[in-house]
Every structure is written in C-alpha cells, then in structure tokens.
Amino acid sequence: MTTGPATSSVPPPADAGVGADRLGSVARAFRIPAVSWLVAAVALFVVVVASLAVGAVDLPARGVFLGLLDALPLVEVDSGLDERQQVILEQWRLPRVMLAGLVGASLSWSGAAYQGVFRNPLADPFLLGVGAGAGLGATVVVVFGLDVGWGPISSIPLGAFIGALAAAFLAFSVGRAAGGGAGALLLAGVAAAAFFTAIQTFLQQRNTDVLRIVYSWIQGSLGTAGWSEVRLLLPYTVVAGAVIVAHRRHLDVLRVGEAEARSLGADPARIRVTLVIVASLLTAAAVSVSGLISFVGLVVPHVIRLTVGSSYRVIVPLAGVVGATFLIGADLVARTVLAPAELPIGVVTAFVGAPFFGFILHRSRRTIG
Amino acid sequence: MSRLRWSDVEVLDGDRLRLRTDGELRSGAWLAVLGPNGAGKSTFLRCLAGMEDHGGHVMVGDQRQASASRAEWARRVALVPQNPVVPEGMSVAEYVLLGRTAHLSWFGAEGADDRSRVAEVIDQLDLAELADRPLDRISGGELQRATLARALVTEAEVLLLDEPTSALDLAHQLHVLELVDEVRRARGLTVVAAMHDLTLAGRFADRLTLLADGETVAAGGVDDVLTSAVLSRTYGVDIRILDDPDLGRIITPVPRPPAT
C-alpha cells in the first residue's frame, strides 16, 4: 500500500496558476531520465576500464584509458604501454570486453522485447526454445564430430545458431497455426524447448565422453572470444537492437491490451511477428558465440523497470547499456576469482545477479509486469 | 469537417444477428446509442472503430474504413472504451501519449508536436497536477478524464464513447458528459455515445438510435425516440416521462406493484 496523502478528484480552483507552471508535471513525466543515463554511462566506463586493466597481467589503468583513446580513429595519443601490453590490450582484452558488452546488450534487448510482446514478466530470451535449440545444435556438432565451420565461423557456434533458429521457427510456426496469439506462441515455445531438450539429453546420454565439452559450452563462456566473434555478432546487435529500440513505444501501447492497442492505430499482430523474429535472431546470434548465459535477459529489464520507470521508452534504450555493463562485470568476476581457472559466466550472472535483483525487488514498492 | 456514414453494417454470430444498421450523422452532432443490455450498442461502436469484422461500409468524409490502414482510421475515429485496461506503473502523461500512436514517426521518438498536444489536452481536462502520477493511484473519475484525453490527442474527428459514465457517481457522470460536450463544441467533434441513462441521453444528444436485438427500433430526434410507448416496449418495463420546466424530459422506469 502507498502511504501518500489522500488525493482529491476535485479540480483545482481556476486561479491556482496557469500555463507553463501547471504543465511542469507534464514536462517532468516526459523528461529523459538524465541521472539514470549518467549513472549507467559512468558504470559502463568504469567496468570497461577495469576489465581491460585487470587480468593475468595487470595493465595500468591510465595506459588502458589512453590506449582506448588511441584506438579511436583520428586520435593519436601515446598510451605509455609497451609492445607486449599493447598486444594484450588489443588482441585479448578488448575483443573479450566488446563481446561481453554485445552479448549483454543483445540478451537484455531480447528480454525486454519478449516481456513487452508477451506482456509477461517471466519472459526471457530463451522463451521460444532458442536456448534448447542452440544446446541441441552444439551437442549434435560435438557428438558427431561435424566439421561445418565456414570461413571464420567455427563448428559449434554455427551448429548452435542453426539449432536456435530451428527451435524458434518450430515454436513460431506451431504458435501461428494455433492462432498466433501471445498465449499460443508461449505454449508452442514451451513445447519446442521440451522437445529439443529431450533430443539433446538423449544424445548426451548416449555419448557421455563428449559431455564435458558440451556442458562447458552450455554454461557459457567468453574464453575463446576474439575479434572474429565480435565481427560476427556486431551486425546482429546493431540492426536488431535498432529495430527493438524503434518499437519501444509500440511495446508501451501493447500494455493496454490488443483490442485497445488496435483502436489506437497499432497493429499488435505485426508488432509481435516483427519483434519475435528480430529478438529470436538476436538471441540465436548471441548464444552461438557465448553459450547459454542465463538471467541477464530476464533481470536487466526488471532492474530498470524497478529503479527508473515502467515505460518501454525508458527501459529499451537503457537495457542495452545496463546489460552490457552487467555482462562485462560478470565476465571480469568469472575470470579473476579463481584465476588462472575461469568460472562459467552463467554461474556468475546468476550467483551475483540473483541476490542483487532480490535486493532491488525487496526495496521497490513498484509493481512488476 | 466530414460526416460519418454507415450502410448495411451487419454482424452475424453464426446464425444469430448481433447488429444490422444504417445511418449517417452530420459532423458536430451527438448521437446517443440506446438499448437494453445485449442490444448491440458496444458492437456498433466497435464496428465504427474498425475493431469488429462486419459487413457493409463505414465512411468518414470520403475515407472508407475498408481501405484505411489501422493508423489512418485511428486518426479519424477514436474510442473511449467502457473498461479501459490500466497498466500498472504507467503515468497519466505516458497514458495520454499512447493516443499519439497513430502519428508515430518511423523511429518512434515522440516529437515536440506530440508533447505539445499531450500537454494542451492534459491542461484542458484539468489533469496537469496528475500528469506524472501512476494510473493506479488516481480516482475513477480522473481515469475517465485520462482516457478521454488519450482519445482527444489522436486528433480524430469522430469520438466514440462506450457507456462513458457507467463507473461514475452522479456528480462525475454529469461532469464527464459536460466535458465531452465542451470539447465537442470547441473542436467540432462528432460524438457517438452508447448510453444507459435515458435522461442524460435526452439532455446531451441531438440524435438518438434505439437498438434491440441488434436492430434499430427507433431513430431520430428526441421526440421520435424518447417516448413512453417506444421505450416501454423496448426495455420491457413501464417507463414514464416527466416534463420538468427547467430540466426537460426526466425518464424513469415505474416499479411494478407488489404481487398480492
């Protein structure tokens, strides 16, 4: 229950103030949450510099910062790093940090899109069976020793990508055949995930010798990250992210239900098809280079919803930045706490993320969903 | 300004007729749609709003509903639903902004034009103090005004109201209808309202349509439709009409004498 003062529905007297003053609350309702953006940007910057500096060989933070500037086009500064440090920064740390950021942003955008389209606070990027499909694809490649690599793309990511798309396509076609409503798609996703998981479990049971390889992929890792993975994911993140951001107000319209959304001039069926396809593609691309990293896509939109505001006009753009920050930070933890060994990043996202989310949830008086 | 026309509008549910109606309305008029529960009032409004599949044609000016996109039609016809969905945590201003959906730019940002229209309507409907308050923390009357504001920022010329006063107490019923009448005059809107209160319908509307079982029983001005004989037959209860020198027609059902 709220504890605010009782409110009156009686309009204020006519001389209570006119024009711009009284409209202050309209402007306030539409203002960009500048403080939140500032906090998010500073957090991203700090976590990026920390991730680049910390590792098996520590680099000076000042040198990392100047090295970053130097990497920008048209900027020439002397970072003060020696040649070996320069190589570590540019060939090891930088692609890994960028990949973590891209995966975090991708999963968070997908999660926000799914939560909005399905009007379901439990929706996450793996809702339509994308995770199970990717797992099956990776399993098939490992079990049968398939060499389906193509150009710079190695076998497991390609298998995972194809499996993820197959599962999403199956869920989508079954859901469409059942009317294409949010409930039908949701249930078809559950069925597709169960089906693909069953095949995956069967294959793994029959081939226990490869279990470790598959298992470590499924738990998620950015350990093999290089520039080629970044180049693979970047176009998906940019294009799909732009499409989802462009639909942020459509996601707000869906909050009043399909009938009212239609009467307001929106086309809920078209919005749902567009966003489900785009978010599934984005998730498939992200998991194919990183494995199944849970919790990010579910929780990042909720953290923004609980701390900044419930409008997708705010949630969607911020989710990219917050998701990137969260996953870069999680990867930093994953590769440092047990160094030189690495924790699966999915373990870190859930182990660190769940209590943090519980704390936010506990403190918040706003409602989810 | 353009008139609203509907011809051969028909909705069938299997073999059962839910609605069959023809008519037209000059721009700036107020049409009250009357009838007992299940007569087809809401179905009629949904047909006009383009939310229900139907036979026949609906036109605003020379724009045909069948050839208009969702957004094009929403820019001409706006609906205030009977029981609007209230998304938790959404502020009044954000809710009113939803009315600009049909004017979305391709990247979806709200422009200065959207904001100024939202601000203008919010001010006109006395919602300025509430603009950043969540919808779940305002009263029923305030919510009604917010939903009306959302319909007005669409800049549609036809405003459909589905029993706009059913959730409100007596004072707020009158206030909302007066408000609708005020914006109708100020903006030259055409109003189509499904109404239960026959006295208020007679006071505000200049055209009336009485539906029963999906068909038009009576249509025309106050004198054609609001007669004791027509109403009693349609509602299946004795209805008396009193003439008050100040207030005009007061329409009230007459209780049956207790059974002996």
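Owing to the predicted nature of the structure, the values given are computational and were not obtained by experimental measurement.

Caption draft 1: Molecular detail of the overall build of chain B. A tally of regular secondary structure across chain B gives nine helices and twelve strands. What you see for chain B is a C-alpha radius of gyration of 19 Å, in line with the 18 Å of a compact globule of 260 residues. Each of the three principal axes of chain B carries a C-alpha extent, and together these read 65 × 40 × 35 Å. Within chain B, buried positions represent 53% of all 260 residues. Put simply, of all contacts in chain B between residues at least 6 apart along the chain, 64% involve residues at least 24 apart. When the accessible surface of chain B is split by element, carbon and sulfur atoms take 47% of a total near 11,300 Å².

Caption draft 2: Region of the structure containing the packing of aromatic side chains. Residue and element names in this part refer to chain A. One pass over the structure, following the stated rule, counts six aromatic pairs over all chains. Consider the rings of Y114 and F118, whose centres lie 6.0 Å apart with planes at 20 degrees: the pair is stacked. Residue Y114 and its partner F118 are both found in helix α4 (residues 83-118); the two are separated by four residues, about one turn of the helix. Across this residue pair, the class does not change: Y114 and F118 are buried. Here the aromatic rings of F161 and Y236 are separated by 5.8 Å at their centres, their planes lie at 65 degrees, and the arrangement is edge-to-face. Here F161, found in helix α6 (residues 155-177), pairs with Y236, found in helix α9 (residues 227-246); they are 75 residues apart in sequence, far enough to count as distant. Looking at F161, the relative accessible area reads 16%, which means it is buried.

Caption draft 3: Representation of the nonpolar core in the model. Residue and element names in this part refer to chain B. Within the largest apolar cluster, 150 residues are counted, with the highest numbers of intra-cluster contacts made by L34 and L159. Those residues in contact with L34 that lie beyond four places of it in its chain are K41, M195, L198, A201, L208, T209, L210, L211, V225, L226 and Y235. Listed in part, the 27 residues of the second largest apolar core include V9, A29, V33 and V58.

Caption draft 4: Layout of the packing of α4 of chain A against α9 of chain A. Residue and element names in this part refer to chain A. The geometry of α4 relative to α9 is characterised by a closest axis approach of 9 Å and an angle of 30 degrees between their N-to-C directions. Taken together, the axis directions place α4 and α9 in an arrangement best described as roughly parallel. Handedness of the crossing formed by α4 with α9: left-handed. On α9, the residues that touch E90, Q91, L94, P95, M98, L99, L102, V103, S106, W109, S110 and A113 of α4 are W227, E229, V230, L233, L234, T237, G241, I244 and V245. Considered class by class, the residues forming the contact of α4 with α9 number 14 nonpolar, five polar and two charged.

Caption draft 5: Local environment of the side chain of Q173 of chain B. Looking at the secondary structure, you find Q173 of chain B in helix α6 (residues 170-187). When sequence neighbours within four positions are dropped, the list of residues in contact with Q173 of chain B reads T165, L168, D197 and L200 of chain B.

Caption draft 6: Broad picture of the interface of chain A and chain B. Facing the 37 residues of chain A at the interface are 47 residues of chain B. Across the chain A/chain B interface, buried area totals approximately 3,800 Å², and carbon plus sulfur atoms make up 55% of it. Connecting chain A to chain B are four salt bridges. Here R150 of chain B makes a salt bridge to E260 of chain A, at a shortest N to O gap of 2.8 Å. For the pair chain A and chain B, the number of links is seven residue pairs in polar contact (both at pLDDT 80 or more). Among the secondary structure elements, those contributing two or more residues to the side of chain A that touches chain B are α1 (24-30), α9, α10 (248-254) and α11 (258-263) of chain A. Taken together, the residues of the side of chain A that touches chain B break down into 15 nonpolar, twelve polar and ten charged.

Definitions and limits used
Residues numbered from 1 in each chain as written. Chains lettered and ligands numbered in written order. Predicted model: local features only at pLDDT ≥ 70, side-chain atom pairs only at ≥ 80, totals over all residues. Heavy atoms only, no water. Helix = DSSP H or I, 4+ residues; strand = E, 2+ residues; numbered from the N terminus. Rg over C-alpha atoms; globule rule 2.2 N^0.38 Å. Buried < 20%, exposed > 50% of the residue type's maximum accessible area, 1.4 Å probe, protein only. Contact = heavy atoms within 4.5 Å. Areas by Shrake-Rupley, 256 points an atom, 1.4 Å probe, with all protein chains shown as cover. Phe/Tyr/Trp six-rings, centres within 6.5 Å; stacked < 30°, edge-to-face > 60°. Core = buried A, V, L, I, M, F, W, Y, C linked by side-chain atoms within 4.5 Å. Axes fitted to C-alpha atoms, helices over the stretch in contact; angles between N-to-C directions. Parallel < 35°, antiparallel > 145°, perpendicular 65-115°, else oblique. Left-handed = near helix turned anticlockwise from the far one by under 90°. Nonpolar A, V, L, I, M, F, W, Y, C, P; charged D, E, K, R; others polar. Buried area = accessible area lost by both parts, 1.4 Å probe. Salt bridge = Lys/Arg side-chain N within 4 Å of Asp/Glu carboxyl O. Polar contact = N/O pair within 3.5 Å; in protein donor to acceptor, adjacent residues only side chain to side chain.

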